[in-house]
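Chains, contacts and geometry: an overview
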Amino acid sequence: MSISRRKFLGWVGAAGLSTTIGKPAAAATGKHFTGYPNSFAILHDTTLCVGCRTCEAACNKVNDLPPPDKPFTDLSVLEDRRRTTTKAFTVVNKYDNKEKSKSPVFFKKQCNHCLEPACASVCFVSAFTKTKTGAVIYDSSVCVGCRYCMIACPFEIPTYEYDQVLTPRIRKCTMCYPRVIKGQLPGCVEACPMEALSFGKREDMIKIAQERFRKYPDRYVDHVYGEHEMGGTSWLYISGTPFKELGMREDLGVTPAPQLTAGALSSVPIIAGLWPVLLAGLYAVSKRKEKIAQTEKERPAESETEEES
Amino acid sequence: MAKGKSLRIGAGISVAIIILLIGFMGVFDVTAVSKIPVDTESIEFRPDIVFFDNMEAFGKLEKTKAVFLHDQHTDALEKKNKDCLVCHKTENGRMSPKFMRLKDVSREELTKIYCDNCTKCHTETIAAGEKAGPVKCDDCHKERILIQSSRVPMGFDKSLHFRHYRAQENKCDRCHHEYDKKSQKLFYDKGKEGTCRYCHKEKPEGDDTEKVISMRFASHSACIDCHLKTRAKNMDAGPLRCAGCHDAQEQLKIEKVKNVPRLKRGQPDNVIIKTGDKKGLIARMNQVPFSHKSHEEYNDTCRVCHLASLESCATCHPLVGSNKVSKNGRDITLETAFHKRGHQSSCTGCHESKQQDKSCAGCHAFMSKTRQQESTACLRCHMVPLPEKTGVLSTSKSAKMARLMPQLWKETFGPIYMVNVPKTVVVKDLMDQYEAVEYPHQKVFNSMVKQLENSKLARYFHYDETTLCLGCHHNTPAGDKPPRCANCHDKPFNENNLFRPGIMGSFHQQCIGCHQKMGIEKYTGCTSCHKERKKQS
């Protein structure tokens, strides 16, 4: 026997340590993903939005959603802070303009279609797919209803059909994937009378944003929200008021959500695979020791030489 | 044994990691020292708060800054029929704004002046059975100051200047002076009057023998001294309390004279702004005839344009320079000084700021701030000189220009907009949910003309009809009949024309955007412009 108890425990400890130290997180994901080339994006220019709710109506129509409690022409709902629901994939909220009290700011909220979506990375049945068009789509046929996606989403977007007993689904904006692959515009973009929403290649949308900053420097905050937030999103926003005042988180950083957990998650196979073997070995060794002790008791007065390290 | 050593190292690392983890979890987090929250409501705002911070000149303070409420003391003394001389000394018949001294003294002396005099008076008052201020050190030098300054700067506007001018029987020398270096005395130089701040800066300047006192010191010693003396003669005089000048509400109570007569300092009515500098360099631009007189009307003080002196612009600004921002601005070129955007002292900067006016913003807010103006726009100011035959006797070119100016301007102001514009335009390209829009084209045009006529500046730069049309019909060659909007604005999001909005977007952005900027609230909601379309079944 060339292995001592102490040495063995050392190995176990080392195996445990190596899993916690791990490699740098980025290395585990392979390489940094900056979105599919030529994928689409939508640019929301809040300085142009007039809060008419036409986009909400169009979204309702193209997604065959149930009629709303209050009609879309009723602008009083803008006074409340609304969030997306299973029946409304997009909502427009009204925010006070601190500089010009007479002209409030309207901000449209829906799924931001992250380049590396947190919802897709937490979903263990792969119900979410980041498509090459830029849309993050959902497949209800494989969904088990764990709602991890709802917890993972930094923008609190996915909603769950709690009222459906048998076939509850996660509901969120699809960036009109079915329409876009047919060559149509997303419902909200097509309907927006002010062209406050622009649709096109993501690089082009960033170019448009930059051009507007250049032409009207005093109209905008010099930042394209979503260009880098959470590793980048397929919805981009420009505004004249700081995004914090529009209920958008500015603490998200530029790291995509999957990268934040990839390091820890990559150690799961090691722990799941290696530790049972080690622990079983530990058990076997102790069993064997007992057995030897038993034999020694039965047959005493033999030479006993144990190696020490 | 080597293996044993590595195991011990391994164990050490794991212990260290565990400690770090615990540390991150906040168990050992003792660094965050809780700060005492300051209740914002309990803070009082006063215009008369004075921090005795002049001790800072001697280095680090031993104690916190003492806080002094000036008006409180003035009022208390007035009740006892005591005057300012209790605290302020006089020299040559003029009261010094400094406390109990005339000149700057050493640190020890200054500390003594403040501590002894304050506590002495407070102790005496308390002994007389009256309420008084602190006598202990820490009651003046407080750790937390719950009073903040609401002082607003004070300055002479045209109206206030005129009222003083009138009250001083038109004698400028009572305030204005120059400094004679030889005799080290102040004297009055007629025709050289400037604003106080040209010499009296924020901080004292110059060496000890010829120190130019700060604006703060100069204004408080001159203004208050005069107000005091005038009151002593039982005449109306300006404020003596801090609040009288430095409180926002009190400032509003200061009487304003309408139609202030022009200042008399020998300034010209019209100027030819030369396009060369003092070194003799000449730019190849036409000279600019400039109405000094009318620009005086629009500004409250000369300092708006004449930042550092009342000399001509070229005195300080060179034709060629590095354009580095320095203290005296002498590296800023003439070109920049006249055309710098966003600067209130430059021609372009000031004129552009007027575009934010409601009646202008409807069109101008949509114009790119980085656009390059056409060369014809340059000629609005850099005028082409009139031909010789207009019959001017003077040989000097600039004199000729000066004489011609009124004639030039007459031609350029007040154009009669006789454009034949369509009465209504029906927009039916987009009929779907709504009926076609009947756009009252002529009504909008007429209202724009009306707005324009109210402003001399606008009339000058909108020199012909087409400049007015360009607000909507942008990129249209001047004088031409504009193309239809849909000729350029087609389907949205064209990759070949990224920055061009589609037809629906451009209509709505232009109409709604203009209405928003001009504050026209009459048209809100879709149906105020469109009629809902009845679906044909």
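My aim in this report is to walk through the structure given alongside it, one point at a time. (Residues numbered from 1 in each chain as written. Chains lettered and ligands numbered in written order. Predicted model: local features only at pLDDT ≥ 70, side-chain atom pairs only at ≥ 80, totals over all residues. Heavy atoms only, no water.)

1. Thoughts on the overall build of chain A
Test applied: Secondary structure elements are defined from DSSP: runs of H or I of at least 4 residues count as helices, runs of E of at least 2 residues count as strands, and each element is numbered from the N terminus. Contact between two residues is taken to exist if any of their heavy atoms lie within 4.5 Å; hydrogens are not considered. Here the accessible surface of atoms and residues is derived via Shrake-Rupley with a 1.4 Å probe, and residues count as covered only by protein chains that are part of the display.
When you go through chain A residue by residue, the secondary structure sums to 10 helices and 9 strands. Put simply, of all contacts in chain A between residues at least 6 apart along the chain, 61% involve residues at least 24 apart. As displayed, chain A has an accessible area near 17300 Å², and 56% of this comes from carbon and sulfur atoms.

2. Here we look at the overall build of chain B
Rules: Between buried and exposed lies partly exposed: a residue is buried under 20% and exposed over 50% of the maximum accessible area for its type, with that area taken using a 1.4 Å probe on protein chains only.
Along the backbone of chain B there are 20 helices and 12 strands. Per-residue burial over chain B gives 24% buried out of 537 residues. By sequence separation, contacts in chain B at least 24 residues apart represent 52% of the contacts at least 6 residues apart. A total of about 38000 Å² of accessible surface is found on chain B, and carbon and sulfur atoms cover 56% of it.

3. Here we look at the side chain of B:Thr125
All names here are of chain B. Along the chain, Thr 125 turns up in helix H3 (residues 107-127). Overall, Thr 125 belongs to the buried group, its relative accessible area being 9%. When near neighbours in sequence (up to four residues on either side) are disregarded, Thr 125 contacts Lys 80, Glu 130, Lys 131 and Ala 132.

4. Comments concerning the pattern of salt bridges
So the rule is basically this: By definition here, a salt bridge exists when the distance from a side-chain nitrogen of Lys or Arg to a carboxyl oxygen of Asp or Glu is within 4 Å.
Per the stated rule, a full pass over the model turns up 26 salt bridges over all chains. Its salt-bridge partner being A:Glu190, residue A:Arg179 comes within 3.2 Å of it at the nearest N-O pair. Of the two residues, A:Arg179 is situated in helix H6 (residues 177-180) and A:Glu190 in helix H7 (residues 187-191); the sequence distance between them amounts to 11 residues. The class of A:Arg179 is buried, set by a relative accessible area of 15%. On the accessibility criterion, A:Glu190 (47% relative accessible area) is partly exposed. Note that B:Glu44 and B:Arg46 form a salt bridge whose closest N and O atoms lie 3.7 Å from each other.

5. Structural notes on the environment of A:Phe243
Residues and elements named next belong to chain A. Locating Phe 243 in the fold gives a position in the loop between strand S9 (235-238) and helix H9 (257-266). With a relative accessible area of 1%, Phe 243 lands in the buried category. Through-space distance from the C-alpha of Phe 243 to that of Tyr 225 is 7.7 Å; in sequence the pair is 18 residues apart. Setting aside anything within four residues of it in sequence, one finds Phe 243 in contact with Phe 107, His 223, Tyr 225, Tyr 237, Ile 238, Met 248 and Glu 250.

6. Looking at the packing of aromatic side chains
Residues and elements named next belong to chain A. To keep things clear, this is the line we draw: Any two of the Phe, Tyr and Trp rings considered here, Trp counted by its six-membered ring, make a pair once their centres fall within 6.5 Å; the pair's planes then place it as stacked at under 30 degrees, edge-to-face at over 60, or tilted in between. Either the NZ atom of lysine or the CZ atom of arginine qualifies as a charge over a ring when it sits within 6 Å of the ring centre and within 35 degrees of the ring normal.
Under the criterion given, the structure shown has 11 aromatic pairs over all chains. Considering the side-chain rings of Phe 213 and Tyr 220, the 5.5 Å spacing of their centres and the 55° angle between planes classify their relative orientation as tilted. Note on accessibility: Phe 213 and Tyr 220 belong to one class, buried. Every member of this aromatic cluster is reached through a ring pair, and the members are Phe 107, Tyr 225, Trp 235, Tyr 237 and Phe 243. Note that Arg 219 overlies the ring of Tyr 216, its terminal NZ or CZ placed 4.0 Å from the centroid.

7. Examining the sheet that holds strand S8 (residues 197-201) of chain A
Residues and elements named next belong to chain A. We count it as follows: Paired strands are those between which DSSP finds at least two bridges. In this analysis an axis means a line fitted to C-alpha atoms, helices contributing only their contacting stretch, and an angle means the value between N-to-C directions, from 0 to 180 degrees.
Spatially, S8-S1-S9 is the arrangement adopted by the 3 strands of the open sheet, whose pairing is mixed. The open sheet has two free edges, formed respectively by S8 and S9, since each of these has just one partner strand. When strand polarity is set aside, the average angle formed by the axes of neighbouring strands in this sheet is 25°. As defined by bridge partners, strand S1 (residues 40-45) adjoins S8 across 5 bridges and the pair is classed as antiparallel. Bridge pairing links Ala 41 to Gly 200 in S8.

8. A short note on the pairing of strand S2 (residues 91-95) of chain A
Successive residues of a regular strand alternate their side chains across the two faces of the sheet. Residues and elements named next belong to chain A. S2 sits mainly inside the fold: 4 of its 5 residues count as buried. Pairing of S2 with strand S3 (residues 105-109) involves 5 bridges; the strand directions are antiparallel. Directly across from Lys 94, in S3, lies its bridge partner Phe 106.

9. Side note on the packing of H9(A) against helix H10 (residues 268-298) of chain A
Residue and element names in this part refer to chain A. Stated precisely, the cut-off is as follows: Oblique is the label for every angle not falling under 35 degrees (roughly parallel), over 145 degrees (roughly antiparallel), or within 65 to 115 degrees (roughly perpendicular). All residues other than Ala, Val, Leu, Ile, Met, Phe, Trp, Tyr, Cys, Pro, Asp, Glu, Lys and Arg, Gly among them, are scored as polar; the first ten of these are nonpolar and the last four charged.
Remark: H9 packs on H10, axes separated minimally by 5 Å, with the N-to-C direction vectors making an angle of 10°. Relative to H10, H9 is oriented roughly parallel. Facing Ala 264, Leu 265 and Ser 266 of H9, the residues of H10 in contact are Val 268, Pro 269 and Ile 270. Residue composition of the contact of H9 with H10, by class: 5 nonpolar, 1 polar and no charged.

10. Some words on the side chain of A:Asp45
Residues and elements named next belong to chain A. Stated formally: The definition of a polar contact used here is a pair of N or O atoms within 3.5 Å, where within protein one atom must be able to donate a hydrogen and the other to accept one, and adjacent residues in sequence count solely through side-chain atom pairs.
Inspection of the secondary structure assignment puts Asp 45 in strand S1. Reaching out from Asp 45, the side chain makes a polar contact with the side chain of Thr 47 at a distance of 2.6 Å. When residues no more than four places from it in sequence are discounted, the contact partners of Asp 45 are Ala 196, Arg 212, Tyr 220 and Ile 238.

11. Describing H3(B)
Residues and elements named next belong to chain B. Condition: To estimate the expected span of a helix, count its residues, drop one, and scale the result by 1.5 Å. Summarising the geometry, the arc corresponds to the directions from the helix axis toward the C-beta atoms.
Compared with the 30 Å implied by 1.5 Å per residue over 21 residues, the 30 Å span of H3 between its first and last C-alpha is a close match. If you check which residues of H3 are buried, you get Arg 107, Leu 110, Ile 113, Tyr 114, His 122 and Thr 125. Viewed along the axis of H3, the buried residues span an arc of 145°, placing them on a single side of the element. Residues of H3 that are exposed and angled more than 90 degrees away from the buried face: Glu 108, Lys 112, Lys 120 and Ala 127. Those residues of H3 that are buried lie in contact with helix H2 (70-79).

12. Looking at the pairing of strand S10 (residues 288-291) of chain B
Residue and element names in this part refer to chain B. Burial of the side chains of S10 extends over both faces: Val 288 and Phe 290 are buried on one face and Pro 289 and Ser 291 on the other. Sheet analysis places strand S9 (residues 270-273) next to S10, joined by 4 bridges and oriented antiparallel. Each residue of the ladder has a partner; that of Val 271, found in S10, is Phe 290.

13. With respect to helix H8 (residues 202-215) of chain A
All names here are of chain A. Over its 14 residues, H8 extends 20 Å from the first C-alpha to the last, a length consistent with the 20 Å expected when each residue adds 1.5 Å. Of the residues making up H8, those classed as buried are Arg 202, Asp 204, Met 205, Ile 206, Ile 208, Ala 209, Glu 211, Arg 212 and Phe 213. Buried residues belonging to H8 abut S1, S8 and S9.

14. A few points about a nonpolar patch on the surface
The test is simple: Excluding any residue in a salt bridge, patches collect residues exceeding 30% relative accessible area, merging like charges within 9 Å and nonpolar Val, Leu, Ile, Met, Phe, Trp and Tyr side chains within 5 Å.
Together, A:Ile270, A:Ile271, A:Leu274, A:Trp275, A:Leu279 and A:Leu282 line one region of the surface with nonpolar side chains, adding up to about 480 Å² of accessible area. Judged by its relative accessible area of 39%, A:Ile270 is partly exposed.

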